[in-house]
Amino acid sequence: MNKFQRKVSVPIYTMFILLLFGIFGISYTIWGNQSGVRGGKAGAAEAVSESTVGVTKVVWWHAMSGENGKVVDKLVSAFNASHKDMKVEAVYQGSYYDSLTKLKASIGTTIAPTMAQVYDIGTRFMIDSKAITPIQTFIDQEKYDTSQMDEAIINYYTVDNTLFSMPFNASNPILYYNKDLFTAAGLNPDQPPVLYEDVKKAATKLTKGGVTGAYFGTHSWYMEQFVANQGAEWVNNGNGRDGLATDWQLNGAEGVKALAWWKELVDNNVATYSAGKGDTSKKAFAEGKVAMIFDTTAALRDILDSVEGKFEVGTGFFPKPAETESGGVGVGGGSNWILNSKSEEEQQAAWTFMKFLSEPEQQAIFHVNTGYFPITKKTYELPIVQENMKKYPQFKTAIEQHHASKLNKATLGGVLGVYPDARKLTEEAVNQALSGQQSPQAALDAAAAEINAKIAAYNQALK
């Protein structure tokens, strides 16, 4: 099975990375859980893959930190205890950005891991790198049943009818709100606003007594979800799924409508604005200074813990301008990839570990302790999940929103080689619009022009 043993040419990939980082100026932005206690060991020097007698070692690079990292460590320990002939070493490599940057540098070297967690927007680059063995290879070999997995999640990582990576941590953005403040403002605490106009009305009523109605971090992910929620795609060629994307379309009518609405909230002083996308909004929310924020469902456990029962946390669907039959939110998070420079034995062991992570029991543990929703359907049937939802009904929101989303190219999400760079430029555009430096249309148009130039350069490099 020589396909498992293909070696990566160091000169070719060195040139490829230099082209991407040097000539094209691709820079990466990151969003996710990046602070707190690290999960696993750190340091690329420790990631040299090796096998001991009778034991196959799998080095897994991941980006789960804090409490999420601790859960990852528990899952790894459980796997190692139940598979005496294999040993997984989980190596925390920093943020999604840091992890992917280190992975690129490791390609073709002896320090490359056996498998790596890569965030969703790294999908196109990983495919184009030719440094991976598609998960479809293992699925076809053993006729692995993928029908047990969530269709929308598995379809995100499927391109050209090939599943390239194994989904691991799935999320979507939701609205978090302070139920106590809703009650005090005369709003129904059990009916979060969904439409733009309703969010505006709620934010206006909630802004009083030192409290601001809303505080939305300037994540470009939110802009993409605003567009998807209107049933539109933000890159051409079927969101990059019918062929390589050549045109960034977030400056279309749907994107402009969303940003104009957002700017109106800021201009009316019912929404806080500050450049950047750190955890400032979560901190202000936990302190009761703002009534509504956006964040990933993966932040749910952290938010509940930070509030410490000072008020009741409500969760709602991500806003949209009006009802649409084709809209919904897409899948975020990350997946696991297998490097083809490793031996067949290591790759098979990594595949065994991936299957373990996707089993309902492991998915249940990961879900209730993080907020990421399960990738395997039967997970919802387990008592630990059902009991957790009874105790914390907030966990239902992201799942219900996920299941309510229409399955189409818009909600599957975009696939783009320069995606991280596109997000950085989009965030700059959002900041310029919200601060009044440019109109929403002009800011998004300028970003699209720069993004399209980078897309063209990236696509040219692949030829």
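Here goes a summary of the coordinates provided. Counting of residues starts from 1 at the beginning of each chain's written sequence and follows it residue by residue. Side-chain atom pairs in this predicted model are given and counted only at pLDDT of 80 or more, local residue features only at pLDDT of at least 70, and totals for whole chains, interfaces and linings cover all residues. Only hydrogens and water are set aside when side-chain values are computed; all heavy atoms of the structure are taken into account.

1. Here's the deal with the overall build of the chain
- Labels follow the DSSP assignment, with helices taken as runs of H or I lasting at least four residues and strands as runs of E lasting at least two, numbered in each case from the N terminus. Broken down by element type, the chain carries 20 helices and 14 strands.
- Counting over 463 residues, the chain shows a buried share of 58%. Per-residue accessibility, obtained with a 1.4 Å probe over protein chains only, is compared with the maximum for each type, and a residue is labelled buried under 20%, exposed over 50%, and partly exposed between these values.

2. A few points about the pattern of salt bridges
- Any Lys or Arg side-chain nitrogen found within 4 Å of a carboxyl oxygen on Asp or Glu counts as a salt bridge. For the structure shown, the criterion picks out 15 salt bridges.
- Of the charged contacts in the structure, one is a salt bridge between K355 and E142, with a shortest N-O distance of 3.0 Å. A residue pair is termed long-range when its members are at least 10 positions apart, and K355 in helix α14 (residues 344-358) and E142 in helix α5 (residues 135-142) qualify at 213 residues.
- Linking D302 and K282 is a salt bridge whose minimum nitrogen-to-oxygen distance equals 3.5 Å. With D302 in helix α13 (residues 300-307) and K282 in helix α12 (residues 280-286), this residue pair connects regions lying 20 residues apart in the sequence.
- One network of salt bridges, with partners in common, ties together K179, D190 and E312.

3. Describing the environment of N251
- The residue N251 is located in the loop between α10 (236-240) and α11 (253-267) in this model.
- Each C-alpha atom of the pair N251 and A442 lies 8.6 Å from the other, and the pair is 191 residues apart in sequence.
- When checking whether two residues touch, look at their non-hydrogen atoms; a contact exists if any pair is within 4.5 Å. Ignoring sequence-local partners within four residues, the contact set of N251 consists of V256, Q441, L444, D445 and A448.
- Separated by 2.8 Å, the side chains of N251 and D445 make a polar contact. Contacts described as polar in this section are N or O atom pairs within 3.5 Å, which, within protein, must combine one atom able to donate a hydrogen with one able to accept it, while residues neighboring in sequence count only if both atoms come from side chains.

4. Considerations on the pairing of strand β14 (residues 332-339)
- Along β14, 8 of the 8 residues are buried, which leaves the element largely enclosed by surrounding structure.
- Residues G332, G334, N336 and I338 point to one face of β14 and G333, S335, W337 and L339 to the other, with burial holding for every one of them.
- In this scheme, strands are said to pair when DSSP sees at least two bridges between them. In the sheet, strand β5 (residues 132-133) pairs with β14 via 2 bridges, with the strands oriented antiparallel. The partner of I132 across the bridge, within β14, is L339.

5. Section: the sheet that holds strand β13 (residues 313-316)
- In space, the 5 strands of this open sheet follow the order β11-β10-β12-β9-β13, with mixed pairing throughout. In this open sheet, the two strands that pair with only one neighbour each are β11 (271-272) and β13.
- Where strand β9 (residues 173-178) lies against strand β12 (residues 290-296), 5 bridges are found, and the strand directions are antiparallel. Bridging across to β12, P173 finds its partner in T296.
- Contacting β10 (212-215) and β12, helix α8 (residues 196-206) runs over the sheet at an angle of about 135° to β12.
- Its contacts with the sheet put α13 on β9, β12 and β13, and the angle it makes with β13 is roughly 155°. Note on geometry: axes are lines fitted to C-alpha atoms, helical ones only across the stretch in contact, with angles between N-to-C directions running from 0 to 180 degrees.

6. With respect to the side chain of S99
- By secondary structure assignment, the location of S99 is in helix α3 (residues 96-106).
- Leave out the neighbours within four places in its chain, and S99 touches H62, A63, Q93 and Q117.

7. Re the side chain of Q93
- Structurally, Q93 is set in the loop between β3 (86-92) and α3.
- Residue class for Q93 comes out buried when judged on its relative accessible area of 1%.

8. A few points about the environment of A443
- In this structure, A443 sits in helix α20 (residues 440-461).
- In this structure, the C-alpha to C-alpha distance between A443 and T426, residues 17 residues apart in sequence, is 8.5 Å.
- Sequence-distant contacts of A443, defined by excluding residues within four places in its chain, comprise A429, A433 and Q438.

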